[in-house]
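# Structural description and commentary
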Amino acid sequence: MRNLNKFFIMRDGAKIFAKIVGSGEPLLLLHGNGNDSSFFDKQINEFKRDYKVIAMDTRGHGKSDKGYNLNLEDLSRDVLDLLDDLKIQCANILGFSDGANLALTFAKNYPKRVKRLVLNSPNKDFSQVKFIPRILSYIFYYNLKILSKIFTGLRNYFSVYKLIFDKIKIIDSDYKKFDFPVLIIAGERDLIYLKNFYKIAKKIKKSKLYIVKNHGHKVARTNPDEYNKVVLNFLKKEVK
């Protein structure tokens, strides 16, 4: 398939940008908070050899329309609209950080639309973030909240940033719906407590956990060779 950069219209009329490259099984990439689809540049160049890679800018990010009341449930409907527009019934999905939380929310809401799921540093709620980065985030949040009331240009940025505090509405019984393989991958020095990745892995029957040694939260960028190899090996295994 030729490279395609396109805006897709959501059910409420918002325009969501996605770039599509490669051919094969669909692989949707969901970036983290404050990023855009370019976060995965070091993955896209490799993944496109075997997959139809769909890298979207989630609402409020990148080239997509701004949003002022963002939450994971609504963003999961954007993902659904995008897949429906592309006539993709079932996709492999990889999400990083907030994108992993979005991927988890989508999988909970629409489990039949997921073939394989890769969760890179998910966190069910913000209490799972380590103490110092958690405190710094709260300080930044409250300063940004005040500034966004003064400078309206910061309203979208504030709406995006507060997504990090949006708790995933998932209960243990939801994980039982996951009848597809799940890879949880994170850096050993992630800003999220590692024990939380182990907890999620235990709740999902077809899960695998991989910790990349000596790397932090953005391991996809700091160690793309190992990251890509692990993800591709997982994706290429036959789904039983």
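So, here's what we can say about the structure. Not measured: the values here are computed from a predicted model.

### Describing the overall build of the chain
Per the secondary structure count, the chain includes nine helices and eight strands. Over its C-alpha atoms the chain spans a radius of gyration of 17 Å, differing by no more than 12% from the 18 Å that the globule rule assigns to 240 residues. Principal axes of the C-alpha set define a box for the chain whose edges measure 55 × 40 × 35 Å. Across the 240 residues in the chain, those meeting the buried criterion constitute 55%. The long-range share in the chain, meaning contacts at least 24 apart out of those at least 6 apart in sequence, stands at 72%.

### What to know about the nonpolar core
Grouped together as the largest cluster of nonpolar side chains are 54 residues, with contacts concentrated most on Ile93, Leu117 and Phe178. Counting 24 residues, the second-largest nonpolar core is a separate cluster that includes Tyr51, Leu183, Ile185 and Val212.

### Regarding empty space enclosed by the protein
A probe as big as a water molecule, rolled over the atoms, marks out the empty space that is left. Inspection of the entire model under this criterion finds one cavity of 30 Å³ or more. Here the largest cavity is characterised by a volume of approximately 70 Å³. Counting residues per element, the ones that place at least two in the lining of the largest cavity are helix 2 (72–85) and helix 3 (98–109). Class assignment for the residues of the lining of the largest cavity results in four nonpolar, six polar and one charged.

### Looking at unusual backbone geometry
At Ser97, a residue that is not glycine, the phi angle is positive and equals roughly 55 degrees. Using a relative accessible area of 12% as the deciding quantity, one classes Ser97 as buried. Its identity as a non-glycine residue notwithstanding, Asn214 has a phi of 60 degrees, on the positive side. Among the secondary structure elements, Asn214 is positioned in the loop between strand 8 (207–212) and helix 8 (219–222). Accessibility expressed as a relative area gives 48% for Asn214, which makes it partly exposed.

### Structural notes on the layout of surface pockets
Roughly 410 Å³ of internal volume is contained in the largest pocket. Forming the walls of the largest pocket are 20 residues, and the residues nearest its centre are Asn33, Ser97, Ile164, Leu191 and His217. For the lining of the largest pocket, the elements supplying multiple residues, two or more each, are helix 3, helix 4 (131–150) and helix 5 (155–161). Considered class by class, the residues forming the lining of the largest pocket number nine nonpolar, nine polar and two charged.

### Details of the side chain of Asp174
Positionally, Asp174 belongs in helix 6 (residues 172–175). Apart from residues lying up to four places away in sequence, Asp174 is in contact with Lys108 and Lys169.

### Topic: a nonpolar patch on the surface
On the surface, Phe131, Ile132, Ile135, Leu136, Tyr138, Ile139, Tyr142 and Tyr193 cluster together to form a nonpolar patch covering roughly 790 Å² of accessible area. Looking at the element boundaries, Ile135 is found in helix 4.

### A short note on the pairing of strand 1 (residues 4–9)
As paired elements, strand 1 and strand 2 (residues 15–21) share six bridges and run antiparallel to each other. Its bridge partner being in strand 2, Phe8 is matched across the sheet by Ile16.

### Details of the pairing of strand 3 (residues 25–30)
With five of its six residues buried, strand 3 lies for the most part within the structure. Bridging between strand 3 and strand 4 (residues 51–56) involves six bridges; their strand directions are parallel. If you follow Glu25 over to strand 4, its bridge partner there is Tyr51. In this fold, strand 3 hands off to helix 1 (residues 41–47), which returns the chain to strand 4; that crossover is right-handed. When strand 3 meets strand 5 (residues 91–96), the two strands line up parallel, connected through four bridges.

The rules we used
One numbering rule holds for all chains: residues counted from 1, following each sequence as written. Confidence filtering applies because this is a predicted model: local features only for residues at pLDDT of at least 70, side-chain atom pairs given and counted only at 80 or more, and all residues used for totals across whole chains, interfaces and linings. Side-chain measures here rest on the full set of heavy atoms in the structure, leaving out hydrogens and waters. Here a strand is any run of E in DSSP of at least two residues, a helix any run of H or I of at least four, and the numbering for each starts at the N terminus. Each radius of gyration reported is based on C-alpha atoms, and the globular scaling rule is 2.2 Å times the count of residues to the power 0.38. Three labels apply to residues, based on accessible area from a 1.4 Å probe with only protein chains included: buried if under 20% of the type maximum, exposed if over 50%, partly exposed otherwise in between. Contact between two residues is taken to exist if any of their heavy atoms lie within 4.5 Å; hydrogens are not considered. Side-chain atoms within 4.5 Å are what join buried Ala, Val, Leu, Ile, Met, Phe, Trp, Tyr and Cys residues into a set we call a nonpolar core. Here a cavity means grid points, on a 1 Å grid over the protein atoms only, where a 1.4 Å probe fits yet cannot get out; a pocket means an open set of points with protein on both sides within 12 Å along at least five of seven lines; lining residues are those with an atom within 4 Å of a point. Grid points are joined across faces, edges and corners, and a volume is the space filled by probe spheres set on the points. Asp, Glu, Lys and Arg are counted as charged, while Ala, Val, Leu, Ile, Met, Phe, Trp, Tyr, Cys and Pro are counted as nonpolar; the rest, among them Gly, fall into the polar class. Residues enter patches when they are more than 30% accessible in relative terms and free of salt bridges; like-charged ones are connected within 9 Å and nonpolar ones (Val, Leu, Ile, Met, Phe, Trp, Tyr) within 5 Å. All accessibility values rest on the Shrake-Rupley procedure with a 1.4 Å probe; residue burial counts only the protein chains present in the view. The rule for a salt bridge is simple: a side-chain nitrogen of Lys or Arg has to be within 4 Å of a carboxyl oxygen of Asp or Glu. Only strands that DSSP links by at least two bridges are regarded as paired with each other. A crossover counts as right-handed when, viewed with the strands pointing away from the observer, the path leading from the first strand over the helix to the second turns clockwise.

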